[in-house]
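Each chain is listed here by its residues.
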Amino acid sequence: MLNIFKSNITYTLMHKDIPVLNADYSTKNHKFLEIHEMIDAKHLPVGCSPNGEFSLKALNHWFRWRGIPGYRVGLLQLQNRLQIDSPMELLDMEHALSVSDTYWMKANHEKITWAQVNFYQHSYDQSGFGKAMFSSLNSEFDSSVLHTPNNCTCGYHRKAWFKRNGTLYLLKGGSPFYQQEPVNEWLASRIAQELGLYAVPYTTETYENNIVSVCPNMCKGKLDLVTSEYVLSDTGAPEDVFQYSHYVKTLEEHGVPNVRKALSDQFLMDYLLMNTDRHTQNMGILVDANTNQWVGMAPVFDTGTGLGCLVEDDEILNEKRKKKCQLFNAKHFSHDALLKFIDFKQYDFSSLQKIPQEYGNQLVKYQPLTNISDKRIEDAYTLLYKQILDLKHAAK
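This structure is a prediction, so every number in the text was calculated from the model and none was measured.

Conventions we followed
- Residues numbered from 1 in each chain as written.
- Predicted model: local features only at pLDDT ≥ 70, side-chain atom pairs only at ≥ 80, totals over all residues.
- Heavy atoms only, no water.
- Helix = DSSP H or I, 4+ residues; strand = E, 2+ residues; numbered from the N terminus.
- Rg over C-alpha atoms; globule rule 2.2 N^0.38 Å.
- Buried < 20%, exposed > 50% of the residue type's maximum accessible area, 1.4 Å probe, protein only.
- Contact = heavy atoms within 4.5 Å.
- Lys, Arg positive; Asp, Glu negative; His and termini not counted.
- Charge placed at Lys NZ, Arg CZ, Asp CG, Glu CD.
- Pairing = 2+ DSSP bridges.
- Salt bridge = Lys/Arg side-chain N within 4 Å of Asp/Glu carboxyl O.
- Axes fitted to C-alpha atoms, helices over the stretch in contact; angles between N-to-C directions.
- Parallel < 35°, antiparallel > 145°, perpendicular 65-115°, else oblique.
- Left-handed = near helix turned anticlockwise from the far one by under 90°.
- Nonpolar A, V, L, I, M, F, W, Y, C, P; charged D, E, K, R; others polar.

Asker: Please explain the overall build of the chain as it appears in this structure.
Answerer: Along the backbone of the chain there are eleven helices and 13 strands. Radius of gyration (C-alpha) of the chain: 21 Å, near the 21 Å computed for a compact globule of 396 residues. Across its three principal directions, the C-alpha atoms of the chain cover 65 × 50 × 35 Å. Buried residues in the chain amount to 57% of all 396 residues. Relative to all contacts within the chain whose residues are 6 or more apart in sequence, the contacts with residues 24 or more apart total 68%. Between the centroid of the 40 positive side chains of the chain and the centroid of its 45 negative side chains there is a distance of 3 Å.

What follows is the structure, encoded as structure tokens:
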């Protein structure tokens, strides 16, 4: 474990080896207190300059959202095993390194480089944090478990980064009751394969008696993932009108290619899986880690929260009538509203006919572990089948 932060001492926010700013940082409150020098504003993280003006408040929001949230599944267990009082403490360790971007912190006296510390190139304790996060068995954990990029992983579900044959993979669990989300991520990947959608590939496996989805890291130390929340904030997106047009216009003006096709792919996926969790942290763009230029759309990711995965068995088929879709600043509307944003001429839906059966088979495969009912599997299958039928009808 390396806690580089001492109370209220000046540190440098780095973008790879580019110094961005010097600031006092409080380990008590886990936030920047005062900016002493803005060294290179061009390399500020997207999201720190609402309406084009740098904001200390926005910088702290960006920084704290890098960490494990207080609502993470299994958080109390994790805190007890890591012997910490708050997940915010983890932000102060290992130079605040993440593998979703290339920002990090160092004390002014430290003579170190990005190449010496980043987790893309260096090994870390993988199994320790993974077991602390996922395992139901009590074990002893030493301080090496905190030498990990997992200190900076946002999101609700249990998750941990593992390195396999030199590639980083994210293992992510599901809700404790049904564990349906990892299978839904697999389903999204299968649909993407059939339709040629721009999406992160997912597989499923078991880890510490949990079903997990597995996907490769999309950044690889060359790109930064920037969520749409920060794009919308920096570009002054209006709050009183639907932000889709503003988002598209902004990205196209920045030269991001294939914006409308990528969003069409996302809306199509969200429609089929009836995704209820497409908030602005679950979509975004990719930024060049060397230049901070916006270079592409992020592939579709985090599509697991759908097809009734959080409701009781007898409520799954009722999901068709409920208004649970969210997108940008719009919430509580029908998934049918997504249809008008899908470019139907881009897709051939004939190959989707086999997908519901494959989905049902995948749920059955893990039934000995999840103990979900046959009725739940049948109704989830039926819900997906109906979505595909309705999609084909809308495409005519």
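That covers the picture; the talk isn't over yet.
Asker: What is the right way to read the pairing of strand 5 (residues 159-164) from this model?
Answerer: Strand residues, when the strand is regular, have side chains that alternate between the two faces of the sheet. Of the pairings in the sheet, the one linking strand 5 to strand 6 (residues 167-172) comprises six bridges and is antiparallel in character. Across the sheet, the residue bridging to alanine 160 is leucine 171, located in strand 6. Linking two consecutive strands that pair antiparallel, namely strand 5 and strand 6, is a turn of two residues; a positive phi of about 50° is found at asparagine 165 within it.

Asker: Honestly, the pairing of strand 4 (residues 103-107) in this entry has me stumped. Any pointers?
Answerer: The buried fraction of strand 4 is high, at five of five residues. Side-chain alternation along strand 4 places Tyr103, Met105 and Ala107 on one buried face and Trp104 and Lys106 on a second face that is also buried.

Asker: Could you clarify how one ought to interpret the pattern of salt bridges in this entry?
Answerer: According to the stated counting rule, one finds 18 salt bridges in the structure shown. In this structure, glutamate 319 and lysine 324 form a salt bridge, with 3.0 Å as the shortest nitrogen-oxygen distance. A relative accessible area of 30% means that lysine 324 is categorised as partly exposed. The network of salt bridges with shared partners includes Arg190, Glu194, Lys354 and Glu358.

Asker: What exactly am I supposed to notice about the sheet that holds strand 10 (residues 284-288) here?
Answerer: With antiparallel pairing, three strands are arranged side by side in an open sheet as 9-10-11. The strands lining the two open edges of the sheet, one partner per strand, are strand 9 (223-227) and strand 11 (294-297). For this sheet, the mean angle separating the axes of adjacent strands, direction not counted, is 35°. Examined bridge by bridge, strand 10 and strand 11 share three bridges and lie antiparallel to one another. Within the sheet, the bridge partner assigned to isoleucine 285 lies in strand 11 and is methionine 297.

Asker: When you look at the side chain of glutamate 185 in this model, what are you seeing that I'm missing?
Answerer: With respect to the helices and strands, the residue glutamate 185 is situated in helix 5 (residues 181-195). Sequence-distant contacts of glutamate 185, defined by excluding residues within four places in its chain, comprise Lys172, Tyr202, Ser213, Asp302, Thr303 and Gly304.

Asker: How should I be thinking about the sheet that holds strand 3 (residues 31-38) in this particular structure?
Answerer: Hydrogen bonds between backbone atoms are what pair the strands of a sheet, whose relative direction is either parallel or antiparallel. Pairing is antiparallel in the open sheet, where four strands are placed in the order 3-2-1-4. For this open sheet the edge positions go to strand 3 and strand 4, each flanked by a neighbour on one side alone. Strand after strand, the sheet turns through a mean of 35° between neighbouring axes, direction not considered. Summarising the sheet, strand 1 (residues 9-15) and strand 4 pair through five bridges and their orientation is antiparallel. The residue bridging threonine 12 from the neighbouring strand is lysine 106, located in strand 4. Strands strand 1, strand 2 (18-26), strand 3 and strand 4 of the sheet are contacted by helix 1 (residues 56-64), whose axis makes an angle of about 120° with strand 3.

Asker: Explain the packing of helix 5 against helix 9 (residues 355-365) to me, please; I cannot follow it from the model alone.
Answerer: Helix packing for two helices is described by the angle between their axes and how far apart those axes are. At a closest axis distance of 10 Å, the pairing of helix 5 and helix 9 adopts a crossing angle of 155°. Regarding the angle of helix 5 to helix 9, the classification is roughly antiparallel. As for how helix 5 packs across helix 9, the hand of that crossing is right-handed. Facing Val183, Asn184, Trp186, Leu187, Arg190, Ile191 and Glu194 of helix 5, the residues of helix 9 in contact are Ile355, Glu358, Tyr359, Gln362 and Leu363. Partitioned by chemical class, the residues of the contact of helix 5 with helix 9 number seven nonpolar, two polar and three charged.

Asker: What should I look at first to understand unusual backbone geometry in this one?
Answerer: Positive phi, close to 50°, is recorded for glutamine 179, a residue that is not glycine. Judged by its relative accessible area of 11%, glutamine 179 is buried. Phi at lysine 220 takes a positive value of approximately 60°, unusual for a residue other than glycine. Locating lysine 220 in the fold gives a position in the loop between strand 8 (210-216) and strand 9. Taking the relative accessible area as the measure of exposure, lysine 220 reaches 58% and is therefore exposed.

Asker: Just to check I follow, could you spell out the environment of valine 20 for this structure?
Answerer: Tracing the backbone shows valine 20 in strand 2. The spatial distance from the C-alpha of valine 20 to the C-alpha of serine 264 is 35 Å, given a sequence separation of 244 residues. Excluding its chain neighbours within four sequence positions, the residues that come into contact with valine 20 are Leu13, Met14, His15, Met38, Ile39, Asp40, His43, Leu44 and Tyr103.

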